[in-house]
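Summary of the model geometry
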Amino acid sequence: MTGPTVVQLQPDEIEPMRSAMRDVQVSIADYHRRTAGFIADPDDYTTPVRSAVAFIQKLNDVMRTELATPDYRILFEARLARGDHGARTIEAFRYVRNVGQHLLHPVVPEPDAVFGNNLGLGFRTSSHWRGVPPDVHVLLHEPTRALKPHYDQLVACRPTLEPLLDACQFFAEICPELVHRDETGEWTGFPLRVQWGTMDRIHPDEPIHTFADRVGSEDALRRWLDARPPGGDFRWIAAKVTTSTDEYLCGLTFRDGVAYLGFSESLAQVEQDIGAGYRYWHGVPTGNLAVAGEITDRTGASFTPVSTTRDVAEWATSAAQGKLGGADYCHWQGPGYWEGAIRRAMDLNVRRGERLNAWYPIWR
């Protein structure tokens, strides 16, 4: 007889625990927002990092000691015993929490590098986790000192965001009900905004990228992107373009009535998305879409927002499976524009940004 593979929360536990998970998610998103642009003072972003660590450990403590079922504790210990990456990351953050609480020596990130350019793609400041000095470590109680290998191997010197996302991924795997989601079903606070030119993870569900197996990592990421619904509230189809290799549908992805990013998908992928419940719309844009002037956010990134002037259901028709083929057409820009978009989306980072709808302004 096999034991449980995930934790099932009791009805009265779901909302409090999901609220606690929301604190973790929002703190991570706050860190990412505060690293937008050039950051001269690390204190600008260490507070949300400390908050994220505290919330991760609060959630872990409550799950281990206060749930009606012992499944979390049993599953956690079993994963830890076999060297599970996620369980060890949680133990690493327990070490971080204890160092900060008992010795008043906060373990916080320090600046690493700035990524970006002046071509409208914006900048972001990267940071990494500091090591813990030996003279600090030796002052800890033995149970906490025993946690240091987890910290050294899974957190220390790594980019700040990576282990935080690993912790979220672990909680979601061991208890899927924990994840706090918005009205579209997406993780609250995610995706984080993509930084063009880098492949930093921007979503807790995103497969971990391994430099040792770059091809395998890219294949896994593409499979994950194809299998999940697109980001945003809906997509409007502006054109159908047939290339020498496939038929594509192209257009704009909207969230809260505004689009900052386009998309280009194979006809088969759009059919699959619609089958999964995602909404695509057909409709003539004249009088129904408004293009604003270029705007620039705090990172130096440039955007040209396109807004719907009224509810999409008032001027467009919901796209249906099996009725997306036929002759090519174009209602927006021109065929050459969308042919270029299709070529650009062959790049994995562009594909990822479009699929997650992960390009949007960061104001403050």
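Going by the structure above, here's the rest.
Description of the structure in this document. (Residues numbered from 1 in each chain as written. Predicted model: local features only at pLDDT ≥ 70, side-chain atom pairs only at ≥ 80, totals over all residues. Heavy atoms only, no water.)

1. Digging into empty space enclosed by the protein
Evaluated as defined, the whole model comprises one cavity of 30 Å³ or more. The volume enclosed by the largest cavity comes to roughly 40 Å³. In this structure, the largest cavity is lined by His 32, Ala 36, Phe 123, Arg 124, Arg 193, Val 194, Gln 195, Thr 299 and Ile 362. Residues belonging to the lining of the largest cavity are distributed by class as follows: four nonpolar, three polar and two charged. (1 Å grid on protein atoms, 1.4 Å probe; cavity = no way out; pocket = protein on both sides within 12 Å on 5 of 7 lines; lining within 4 Å. Points joined across faces, edges and corners; volume = space filled by probe spheres on them. Nonpolar A, V, L, I, M, F, W, Y, C, P; charged D, E, K, R; others polar.)

2. Description of the packing of aromatic side chains
Inspection of every chain in the model, using the stated rule, returns 17 aromatic pairs. Look at Phe 263 and Tyr 280: their rings are 5.7 Å apart centre to centre, the planes differ by 75°, and that puts the pair in the edge-to-face class. Taken as a pair, Phe 263 in strand S5 (residues 258-266) and Tyr 280 in strand S6 (residues 280-282) lie far apart in primary sequence, 17 residues in all. Comparing Phe 263 with Tyr 280, the two get one shared label, buried. Measuring from ring centre to ring centre gives 4.8 Å for Tyr 337 and Trp 338, while their planes differ by 90°; the resulting arrangement is edge-to-face. Owing to a relative accessible area of 42%, Tyr 337 belongs among the partly exposed residues under this scheme. In this structure Trp 338 comes out as buried when scored by relative accessible area, which is 1%. (Phe/Tyr/Trp six-rings, centres within 6.5 Å; stacked < 30°, edge-to-face > 60°. Helix = DSSP H or I, 4+ residues; strand = E, 2+ residues; numbered from the N terminus. Buried < 20%, exposed > 50% of the residue type's maximum accessible area, 1.4 Å probe, protein only.)

3. Re the side chain of His 203
Considering the arrangement of structural elements, one finds His 203 in the loop between helix H8 (161-174) and helix H9 (214-227). What makes His 203 buried here is its relative accessible area of 0%. Polar side-chain contacts of His 203 include one of 3.0 Å to the backbone nitrogen of Asp 205. The contacts of His 203, once residues within four sequence positions are left out, are Leu 165, Glu 186, Trp 187, Phe 190, Pro 191, Trp 224 and Arg 228. (Polar contact = N/O pair within 3.5 Å; in protein donor to acceptor, adjacent residues only side chain to side chain. Contact = heavy atoms within 4.5 Å.)

Function cannot be inferred from these measures alone, as they are strictly geometric.
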